[in-house]
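Tertiary structure, described
Chain by chain, the residues run as shown.
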Amino acid sequence: MAQADVALSRALGLSELAPRVVQSEIRAMTVACDAVGGVNLAQGVCDTEVPAVVAEGAQRAIRDGLNIYTRLDGIPRLRKAIAAKVERTLGLVVDPDREVLVTNGVTGGLHAAAMALLNPGDEVLVFEPFYGYHVSTLKSLRVTPVLVGLEAPDWRLDLDAVRAAITPKTRAVVVNTPSNPAGKVFTRAELEGLAAIAQEHELFIFTDEIYEHFIYGGAQHVSPATIPGMRERTILMSGFSKTYSVTGWRIGYLIADPKWVGAIGYFHDLTYVCAPAPLQQGVADGVEMLGPEFYAELARDHEAKRTMIVDALRVAGMKPHVPDGAYYVLASAENLPGATAAEKARALLAETGVAAVAGSAFFRPGKGEDLLRFCFAKKDADLAEACRRLKGFKA
Ligand code: PLP
């Protein structure tokens, strides 16, 4: 960090890292959108319904008095249900007592895993475009994120670029599949190539599979932990925020070799103690009772929403990158007025009342200035209104 910044933070009584922490562009757009009563396609909060079994399960748990701390690794029933789920969906057999940690979302899981497995000064590869929390979480622990670019239009993984980014300090790679913001779904071949590199250089793979059930058009979700030889070095993270539309509940999970789970659980306990107790019960009901049809319908519904937004963006002349997964579209802002993506996002909001996020939020400085990200996990009526507005606009 620059000496001037260090001096400034000291003068302000802040830590050396604090000045880097600014209001996220996503939140800023949400505030700007609320101010004009617009349709918010900026923030990735799904405003679709919470499954009834999940909501009722949590309400029942509160009424039944299940409101106190749980074990630091989560209630046994949820850990068992998660183990059964990963076996059913990924073919991964895990021990619910030794290999599963219930976390405060992927966010809490990643923070605890990084605390347990990385040291200040270590380097971790992160693919760009990236999800801001991955980069910021690493920086907050004085770990250096090293960006490896994925190139549009297909965001193909360049294994030579991965090799070139590795130094003696590299300890891990973050793999977000399907990804936010590009909707990239890593193929088995790409993950096999990455696995070979991880094995050669003894790297951890930190996964973020929060969008695992949002997969479209024949793409397939492959969990890096299922690639032969990768189980031990993969810290698998996923959760229920998106699948059950409960982003505010803070329930996720981490699966790893027992060698790592103890230390990761220790750090998770220090920050969170446990994931919210009655909400763990509600989510356990969902994982136990919702069958494959629920997840298939979730993907179908979102694929239809994807078609709506992609069509509208095409009509608006904002060439969209059609995602294979997750629920965001990166679209071209080339023809919008403004020197930066942030200005272009504000111009679009002013013209149409539709809020999107500046693409620059997902790239290193100077990149992503001609892109906007639109979230399509919205109720059909709201999404239809946003699409109507976009179609009436010509970039
Ligand atoms: N990971 C990605 C890629 C996300 O886009 C988000 C939310 O937008 C999260 C993690 C947050 O997950 P959680 O709510 O489980 O912390």
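Residues numbered from 1 in each chain as written. Predicted model: local features only at pLDDT ≥ 70, side-chain atom pairs only at ≥ 80, totals over all residues. Heavy atoms only, no water.

Let's shift gears to the domain arrangement of the chain. If you check the domain split of the chain, you get domain 1 (20–50 + 293–391) and domain 2 (53–289). Taken over both partners, the interface formed by domain 1 and domain 2 buries close to 2,800 Å², and the fraction arising from carbon and sulfur atoms is 59%. Of the charged contacts in the structure, one is a salt bridge between Lys367 and Glu128, with a shortest N-O distance of 3.5 Å. Listing elements by their share of the side of domain 1 that touches domain 2, those giving two or more residues are helix H11 (292–315) and strand E10 (328–332). At seven residues, the largest contribution of residues to the side of domain 1 that touches domain 2 is made by H11. Counted by class, the side of domain 1 that touches domain 2 contains 16 nonpolar, five polar and nine charged residues. (Domains from an automatic or database assignment. Buried area = accessible area lost by both parts, 1.4 Å probe. Salt bridge = Lys/Arg side-chain N within 4 Å of Asp/Glu carboxyl O. Helix = DSSP H or I, 4+ residues; strand = E, 2+ residues; numbered from the N terminus. Nonpolar A, V, L, I, M, F, W, Y, C, P; charged D, E, K, R; others polar.)

Bringing the packing of helix H3 (residues 52–63) against helix H10 (residues 277–289) into the picture now. In contact at an axis separation of 7 Å, H3 and H10 are set at 140 degrees when each is read in the N-to-C sense. When you trace H3 past H10, the crossing you get is right-handed. Residues Val53, Val54, Gly57, Ala58, Arg60, Ala61 and Ile62 of H3 touch H10, and the partners they reach there are Pro278, Leu279, Gln281, Gly282, Val283, Asp285, Gly286 and Met289. For the contact of H3 with H10, the residue count by class is nine nonpolar, four polar and two charged. (Axes fitted to C-alpha atoms, helices over the stretch in contact; angles between N-to-C directions. Left-handed = near helix turned anticlockwise from the far one by under 90°. Contact = heavy atoms within 4.5 Å.)

With an omega dihedral of 5 degrees, the bond running from Ala152 to Pro153 counts as a cis peptide bond. Looking along the chain, the bond that leaves Asn180 and enters Pro181 is cis, with omega of 15 degrees. Relative to the elements of secondary structure, Pro181 occurs in the loop between strand E5 (170–176) and helix H8 (188–201). Backbone geometry places Trp155, a non-glycine residue, at a positive phi of 55 degrees. Mapped onto the elements of the fold, Trp155 is located in the loop between strand E4 (144–149) and helix H7 (159–165). Unusually for a residue other than glycine, Ser245 sits at a positive phi of about 55 degrees. Relative to the assigned elements, Ser245 resides in the loop between strand E7 (234–239) and strand E8 (252–255).

Attention now moves to the pattern of salt bridges. For the structure on display, the rule yields 21 salt bridges. A salt bridge links Asp73 to Arg71, with the shortest nitrogen-to-oxygen separation between them at 2.8 Å. Of the residues examined, Asp73 reaches a relative accessible area of 11% and is grouped as buried. The salt bridge involving Glu212 is made with Lys85; its shortest N-O contact spans 3.2 Å. You can see Glu212 sitting in the loop between strand E6 (204–208) and E7 and its partner Lys85 sitting in helix H4 (residues 76–90), a full 127 residues away along the chain. No difference in accessibility class separates Glu212 from Lys85, as the two residues are buried. Through salt bridges with shared partners, a single network forms among Arg60, Arg77, Asp285 and Glu288. (Buried < 20%, exposed > 50% of the residue type's maximum accessible area, 1.4 Å probe, protein only.)

With that settled, the discussion passes to the site of the ligand. With respect to spatial proximity, 13 residues lie near the ligand, and among them Thr107, Asp208, Tyr211, Ser241 and Arg250 are the closest. Val106 places a main-chain nitrogen or oxygen 2.7 Å from an oxygen atom of the ligand. Note that an oxygen atom of the ligand is positioned 2.5 Å from one of the side-chain N or O atoms of Thr107. Starting from 400 Å² of accessible surface for the ligand in isolation, the protein chains cover 92%. Class assignment for the residues of the shell around the ligand results in five nonpolar, five polar and three charged. (Near = heavy atom within 4 Å. Polar contact = N/O pair within 3.5 Å; in protein donor to acceptor, adjacent residues only side chain to side chain. Areas by Shrake-Rupley, 256 points an atom, 1.4 Å probe, with all protein chains shown as cover.)

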